[in-house]
Amino acid sequence: CQSILPNSSDIHRTCKPTSADQITNNKIPVIDMLDPQAKFLITKACQELGFFKVVNHGVPIETMTKLESDAVKFFNLPECEKDKVGPANPFGYGNKRIGSNGDVGWVEYLLFAINSGLVSEKSTNIPANSQFFWSAINEYVTAVRNLACVVLEKIADGLTIEPKNVLSKLLRDEKSDSCFRLNHYPPCTELEALSSGGRNFIGFGEHTDPQIISIIRSNNTTGLQISLRDGAWISVPPDQHFFFIIVGDSLQVMTNGRFRSVKHRVLANNIKSRLSMIYFGGPPLSENIAPLSSLMDEGEESLYKEFTWHEYKKSAYRTRLGADRLGLFEKK
Ligand code: GA4
């Protein structure tokens, strides 16, 4: 059973904690999807932080817990079994290596393409007829895609742009280039030693998501942090019953910089495993990523050069995880 792990010294990528490096609940907006004000509150959160939590989201808890328990079963398999589904290129099972440009983290994952709204069995070499969790995963992905679309419709409403489905139709399109990720962060026993020296152990390095919107749900283990405008990192208290919404680079461009794609990262935990599931909602490859005309003020110019999602994605895959990907497309 040969492992593909890089030399362990490669994964000792560390970072300095900041003064704001603590569990900070009150900085993260909590949006009740049934609140008539939700559209305004969501829009405000996207402008200020690019991140918020949603409650009353309508996704049954069992849809989340069923997939979580199947995912735990998968990640508990012997390494040689999991390796049969890898290496991730970019889809499939990956262990510690993230992308193909040398990024590593204390994480193992499954990355799936989504085709016509369903997780593509062909994007990994997991047999379609295996005892794998296809039904749990597709039930989950269908539910969160729907939630993402409702959020995007509220955003259009909050920004008073027409038509209301101008953003959500990109995710509902059968050519939508979305993907789904299961991340498992095993407990990291070296963490204590390292953090006593004032450093933290990186599970998944800082980055922004290239897509329009991401929806993340995790088990009850800490680790996720987001960066505030002033550069301080705050820890996001985990909440297994709810979702966190992340504004992606494409939505920043479509709102001509009104919304902010939030930098985030995951720190490893020394005691508990963290399991997260993330839906990345992207447009069709041929879609032009440009400010929405109905949003632009008179005489307002795009802050960005013209590009399609395909071009942006191609460029993103050539960058390191923490790169300023959007910077390459800004008009200087
Ligand atoms: C970050 C968001 C998603 O997880 C992802 C990641 C992708 C990958 O893991 O293959 C990338 C990363 C992500 C952006 C830069 C490139 C590509 C790893 C990497 C170093 C699936 C995505 O779409 O972009």
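Keep in mind that this is a model prediction, so the values were computed, not measured.

Rules used in this analysis
- Residues numbered from 1 in each chain as written.
- Predicted model: local features only at pLDDT ≥ 70, side-chain atom pairs only at ≥ 80, totals over all residues.
- Heavy atoms only, no water.
- Near = heavy atom within 4 Å.
- Polar contact = N/O pair within 3.5 Å; in protein donor to acceptor, adjacent residues only side chain to side chain.
- Areas by Shrake-Rupley, 256 points an atom, 1.4 Å probe, with all protein chains shown as cover.
- Helix = DSSP H or I, 4+ residues; strand = E, 2+ residues; numbered from the N terminus.
- Nonpolar A, V, L, I, M, F, W, Y, C, P; charged D, E, K, R; others polar.
- Salt bridge = Lys/Arg side-chain N within 4 Å of Asp/Glu carboxyl O.
- Buried < 20%, exposed > 50% of the residue type's maximum accessible area, 1.4 Å probe, protein only.
- Expected span 1.5 Å × (residues − 1).
- Pairing = 2+ DSSP bridges.

**With respect to the site of the ligand**
Step number 1: The immediate surroundings of the ligand are formed by 16 residues, with R181, Q211, F280, Y317 and R325 found nearest.
Step number 2: Between the ligand and R181 there is a distance of 2.8 Å, counted from an oxygen atom to a side-chain nitrogen or oxygen.
Step number 3: One of the side-chain N or O atoms of Q211 is found 2.8 Å from an oxygen atom in the ligand.
Step number 4: Burial of the ligand by the protein amounts to 98% of the accessible area it has alone, namely 460 Å².
Step number 5: Of all the secondary structure elements, the ones that give two or more residues to the shell around the ligand are β5 (103-115) and α8 (309-317).
Step number 6: A breakdown of the residues in the shell around the ligand according to their chemical character gives 8 nonpolar, 4 polar and 4 charged.

**Brief notes about the pattern of salt bridges**
Step number 1: By the definition in use, this model includes 17 salt bridges.
Step number 2: The closest approach of N and O atoms between K263 and E206, which form a salt bridge, is 3.5 Å. Of the two residues, K263 sits in the loop between α7 (249-254) and β13 (264-267) while E206 sits in strand β8 (residues 200-207), which places them 57 residues apart along the sequence.
Step number 3: With a relative accessible area of 31%, E206 lands in the partly exposed category.
Step number 4: Counted as one network, the salt bridges with shared partners bring together E79, K82 and E108.

**Things to note about helix α2 (residues 61-75)**
Step number 1: With 15 residues, α2 should reach 21 Å at 1.5 Å per residue; the first-to-last C-alpha distance of 21 Å fits that figure.
Step number 2: Residues T63, M64, L67, E68, D70, A71, F74 and F75 constitute the buried set of α2.

**Re the pairing of strand β14 (residues 274-281)**
Step number 1: Within β14, 8 of the 8 residues are buried, leaving the element largely enclosed by the surrounding structure.
Step number 2: Every second residue of β14 is oriented toward a common face, with R274, S276, I278 and F280 on one face and L275, M277, Y279 and G281 on the other, all of them buried.
Step number 3: Sheet analysis places strand β7 (residues 178-185) next to β14, joined by 7 bridges and oriented antiparallel. Among the inter-strand pairings, C179 is bridged to a residue of β14, identified as F280.
Step number 4: Pairing geometry for strand β9 (residues 213-218) and β14, over 6 bridges, is antiparallel. Bridge pairing in β14 links I216 to I278.

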